[in-house]
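Commentary on secondary and tertiary structure
Given next are the chains, with one letter for each unit.
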Amino acid sequence: MTTANPKTVLLIAPVVDGLLDKLSSAFQVFRLYDQHDPHAFLQQIGAQVQAVVTRGDVGVTREVLTQLPNVGLVAIFGVGTDAVDLDYTRTRNIAVTITSGVLTNDVADLAMGLLLTGARQLCQGDKFVREGRWLKQGPALATQVSGKRIGIFGMGNIGQAIARRATGFDMEILYTDRKKLQHVDYQWCADLHTLAHESDFLVIAASGGAANRGLIDTSVFNTMPKHAWLINVARGSLVDEPALIRALQNGVIAGAGLDVYEDEPHVPAALIAMDNVVLQPHVASATHETRQRMSEVVFNNVTAYFAAAPLPNAID
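Predicted model only: the values in this text are computed from it and were never measured.

So, on to the overall build of the protein chain. A tally of regular secondary structure across the protein chain gives twelve helices and twelve strands. Taking 316 residues into account, the globule formula puts the C-alpha radius of gyration at 20 Å, and the protein chain, at 22 Å, falls close to it. The principal-axis extent of the C-alpha atoms belonging to the protein chain is close to 70 × 50 × 30 Å. When the 316 residues of the protein chain are sorted by exposure, 47% land in the buried category.

Attention now moves to the pairing of strand β3 (residues 51–55). The buried fraction of β3 is high, at four of five residues. Two elements, strand β1 (residues 8–11) and β3, share three bridges in a ladder whose sense is parallel. Within β3, the residue paired with valine 9 across the bridge is alanine 51. Sheet topology places β3 next to strand β4 (residues 73–77); five bridges connect them, and they run parallel. Bridge pairing in β4 places valine 53 opposite alanine 75.

The next thing to look at is the pairing of strand β6 (residues 149–153). Judged by how many residues are buried, β6 sits mostly within the fold: four of five residues are covered. Direction of pairing for β6 relative to strand β7 (residues 172–176): parallel, over a ladder of five bridges. Paired with arginine 149 across the bridge in β7 is glutamate 172. Taking the sense of rotation as the criterion, the β-α-β connection linking β6, helix α7 (residues 157–167) and β7 turns out right-handed. As defined by bridge partners, β6 adjoins strand β9 (residues 201–204) across four bridges and the pair is classed as parallel. Counted as the bridge partner of isoleucine 152 is valine 203 from β9.

What follows covers the sheet that holds strand β5 (residues 95–97). In any sheet, the strands associate via hydrogen bonds between backbone groups, in a parallel or an antiparallel arrangement. Spatially, β2-β1-β3-β4-β5 is the arrangement adopted by the five strands of the open sheet, whose pairing is parallel. Each end of this open sheet is capped by a strand with a single partner; those strands are β2 (28–31) and β5. Pairwise comparison of adjacent strand axes, ignoring direction, gives a mean angle of 20° for this sheet. Here helix α12 (residues 288–306) sits on the sheet and contacts β1, β3, β4 and β5; the angle it forms with β4, its principal contact strand, is near 175°.

All right, on to the sheet that holds β6 then. Pairing in this open sheet of seven strands is parallel, and the strands run β8-β7-β6-β9-β10-β11-β12 from one edge to the other. The sheet terminates laterally at β8 (187–188) and β12 (277–279), the two strands that pair on one side only. Across the face of the sheet, α7 comes into contact with β6, β7 and β9 while running at roughly 170° to β6.

This next bit is on the pattern of salt bridges. One pass over the full model with this rule turns up ten salt bridges. Here aspartate 109 makes a salt bridge to arginine 165, at a shortest N to O gap of 2.7 Å. Of this pair, aspartate 109 sits in helix α5 (residues 104–119) while arginine 165 sits in helix α7; the two residues are 56 residues apart in sequence, bridging distant segments of the chain. What emerges from the salt-bridge pattern is a single network uniting Arg149, Glu172 and Glu198.

How each quantity is defined
Residues numbered from 1 in each chain as written. Predicted model: local features only at pLDDT ≥ 70, side-chain atom pairs only at ≥ 80, totals over all residues. Heavy atoms only, no water. Helix = DSSP H or I, 4+ residues; strand = E, 2+ residues; numbered from the N terminus. Rg over C-alpha atoms; globule rule 2.2 N^0.38 Å. Buried < 20%, exposed > 50% of the residue type's maximum accessible area, 1.4 Å probe, protein only. Pairing = 2+ DSSP bridges. Right-handed = clockwise from strand over helix to strand, strands pointing away. Axes fitted to C-alpha atoms, helices over the stretch in contact; angles between N-to-C directions. Contact = heavy atoms within 4.5 Å. Salt bridge = Lys/Arg side-chain N within 4 Å of Asp/Glu carboxyl O.

In structure tokens, the structure reads:
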């Protein structure tokens, strides 16, 4: 077996320039995404790799990890772990780290931004002014946000941050999660369908992964009030996208605000065509400040691993 370089990193997907520069200055970095034949490349250098850096939306496949016999760390730029086979990493004793706590505020901000933009028709209002239609007619009425009921599916760090922001709008906050949380005073719903039925705005802030794939389906949409909006800042895989399109086209729900999709960056033409859908290109954490802090966390995690130091951002 080739002797492993203790400071060799495999970069699965592009990251921000600042993180790439820091990694390259401190370690030997191989870029898998630049290779025309990734499998052949891994056969050549796989035994040298000790750490993997990837994005949360990309992850790293089990097939890639099997070609890295000396890997001991997967450092994720983000908080999503659904694109990493955690059962496999555990069997290999491969540590997995995330940038926990860093992007919470930005994601919560965007969730509220999508909610407000959709309900108050901000995109339509902008277009209305730019096209000169205000000179000839008055704008359409929108939907009030303050005082409405917001249902949050997933009351982790991001869900709780969304709830705090909704409090500022005097919203009634409901949630569901794996279990009722003792440290929050919001209204607990025992299941997703009850939450959906009781919510004017249903916000998805739950984890992705196979267990949650397609949970937001036709049965959920049929339970929601017709005036309700769906907001998704979690993972596109949580939503049955064809079912969402049908619900929107048929007036089953009023609208949707989406930052994530089932097959990114491919967004269905049907969603693009609808005025009652607010679309963003998976940018919930995409601010200069947060991406800088995320980069620092990833770099610190990799540095700590090579120094055999504790990994504060490691998941169980």
